[in-house]
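Okay, here's what each chain looks like letter by letter:
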Amino acid sequence: MMRRLFIALFLMMPLAALAAGGESVPFHHETNLGNQASLQRGAKMFMNYCSGCHSLQYMRYQRIADDLDIPEEVMEKNLMMTRGKIHDTIQGTMDAESAAEWFGKAPPDLSLTARERGADWIYSFLLSFYRDDSRPSGVNNVVMSNTAMPAVLAPLQGYQALKHEEGEGGEGESHGGDHGAPEFELVQEGQLDPAEYKAAVGDLTNFLVYVGEPAKLVRYSLGFKVIVFLLLFTALAYMLKKEFWRDVH
Ligand code: HEC
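Bear in mind the structure is a predicted one, so any value in this text is a computation, not a measurement.

**A closer look at the coordination of the iron atom of the ligand**
Around the iron atom of the ligand, the protein contributes the donor atoms His-54 (NE2) and Met-149 (SD), which lie 1.9 to 2.1 Å from the metal centre. Viewed at the metal, the six donor atoms of the iron atom of the ligand are separated by angles of 88 to 179°, and the geometry they form is octahedral. Of this pair, His-54 sits in the loop between helix H2 (36-50) and strand S1 (56-60) while Met-149 is found in the loop between strand S4 (139-141) and helix H8 (154-157), placing the two residues 95 residues apart along the sequence. When its relative accessible area of 10% is taken as the criterion, His-54 is described as buried.

This is the structure we're talking about:
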């Protein structure tokens, strides 16, 4: 009886998550924290396109520089768009009140967003802005409908129109890839083609996952060292064993 209840509850968890989120998460992102070049590109992108509004209150410039092998001078000269010194945490350029006034809502801190919402959510959110003239910003978003965030990556992505929401696409075959995803049509090109834009947003997502749990990077490299050690140790133990038993046989 109890067990069935647990199983039922367990099965309902994804539903509960959906209900809580309300919106769909159409695209999947394969997080790769082992790709340092990607993390560096993501950091650069964050500083250029996001730090104007969003802070990373649990992250310091210095830590990013150390973790991602970015020389301090490069960090200070090229990546620090906001006020502050290399030892400071990353504050948005805009103060919260004026941002709230401009957008109707203060841009939230993004330190823990990857942990709260997941990489797929962030990735999908950044891919799902579409033109909507009824909105003050001129855009809407499939993942967070009526979002207060403007399409800040439009110079890169261009603008897309929403052809239909997911589920409406019943007529005919699916187009492969992300099943049941909403369909967008690029109506104005940006600096990047769609594949390049997806890659860039993937870098940015990787970076935000790293920011959410910087200790993961340490764990990854430690895990690698531990495995190398165990392999060496096994070889050594084997050689020792042979040595010990040589005279017995
Ligand atoms: C011009 C200001 C502005 C810029 C620049 C900006 N955002 Fe936002 N962003 C917002 C606002 C305002 C919200 C709140 C949206 C809402 O709740 O409706 C938001 C919300 C978000 C959220 C949802 C957070 C949550 O948990 O609710 C994410 C993720 C996000 N932004 C990512 C980014 C990324 C990545 C960039 C850089 C490419 C970026 N934003 C640049 C204003 C901005």
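Having seen the model, we can carry on.
**Section: the pattern of salt bridges**
For the structure shown, the criterion picks out four salt bridges. With a shortest N-O distance of 2.8 Å, Arg-41 and Asp-203 are connected by a salt bridge. Of this pair, Arg-41 sits in helix H2 while Asp-203 sits in helix H9 (residues 194-212), and the two are 162 residues apart along the sequence. For Arg-41, a relative accessible area of 45% translates into the label partly exposed. For the salt bridge of Glu-183 with Lys-163, the shortest nitrogen-to-oxygen distance reads 3.5 Å. On the criterion of sequence distance, the pair formed by Glu-183 in strand S6 (residues 183-189) and Lys-163 in strand S5 (residues 158-164) is long-range, its members being 20 residues apart.

**As for the UniProt feature "binding site: heme c" (unreviewed entry) in the chain**
Per the UniProt entry, the sites bearing "binding site: heme c" (unreviewed entry) are Cys-50, Cys-53 and His-54 in this numbering. Structurally, Cys-50 can be placed in helix H2. Cys-50 gets classed as buried once you look at its relative accessible area, which sits at 12%. Excluding anything up to four places from it in sequence, Cys-50 contacts Met-45 and Leu-204. Not counting chain neighbours up to four residues away, the residues in contact with Cys-53 comprise Gly-92, Met-94, Phe-103 and Pro-107.

**Brief notes about the packing of aromatic side chains**
Within a pair of aromatic rings, the relevant descriptors are the distance that separates the centres and the angle that separates the planes. For the coordinates displayed, the defined rule picks out five aromatic pairs. When the ring of Trp-121 is compared with that of Phe-125, the centres are 5.1 Å apart and the planes differ by 20°; the resulting orientation is stacked. Residue Trp-121 and its partner Phe-125 are located together in helix H7 (residues 119-127), separated by four residues, close to a single helical turn. Exposure remark for Phe-125: the relative accessible area of 8% places this residue in the buried category. Plain terms: the ring middles of Phe-229 and Phe-233 are 6.0 Å apart, the flat faces sit at 25° to each other, and that makes the pair stacked. Of this pair, Phe-229 and Phe-233 both sit in helix H10 (residues 215-245), four residues apart, which is roughly one turn of that helix. For Phe-229, a relative accessible area of 51% puts it in the exposed group. By the ring-pair criterion, three or more aromatic residues cluster together here, those being Phe-46, Phe-207 and Tyr-210. When the ring centre of Trp-121 is taken as reference, the NZ or CZ atom of Arg-117 above it lies at 4.1 Å. When the ring centre of Tyr-159 is taken as reference, the NZ or CZ atom of Arg-131 above it lies at 4.6 Å.

What counts as what
- Residues numbered from 1 in each chain as written.
- Predicted model: local features only at pLDDT ≥ 70, side-chain atom pairs only at ≥ 80, totals over all residues.
- Heavy atoms only, no water.
- Donors = N, O, S within 2.8 Å, 3.2 Å for Na, K, Ca; no water.
- Tetrahedral: all angles 85-135°; square planar, octahedral: opposite > 155°, others 65-115°.
- Helix = DSSP H or I, 4+ residues; strand = E, 2+ residues; numbered from the N terminus.
- Buried < 20%, exposed > 50% of the residue type's maximum accessible area, 1.4 Å probe, protein only.
- Salt bridge = Lys/Arg side-chain N within 4 Å of Asp/Glu carboxyl O.
- UniProt positions renumbered as here; feature names shortened; annotations may be inferred.
- Contact = heavy atoms within 4.5 Å.
- Phe/Tyr/Trp six-rings, centres within 6.5 Å; stacked < 30°, edge-to-face > 60°.
- Lys NZ or Arg CZ within 6 Å of the ring centre and 35° of its normal.

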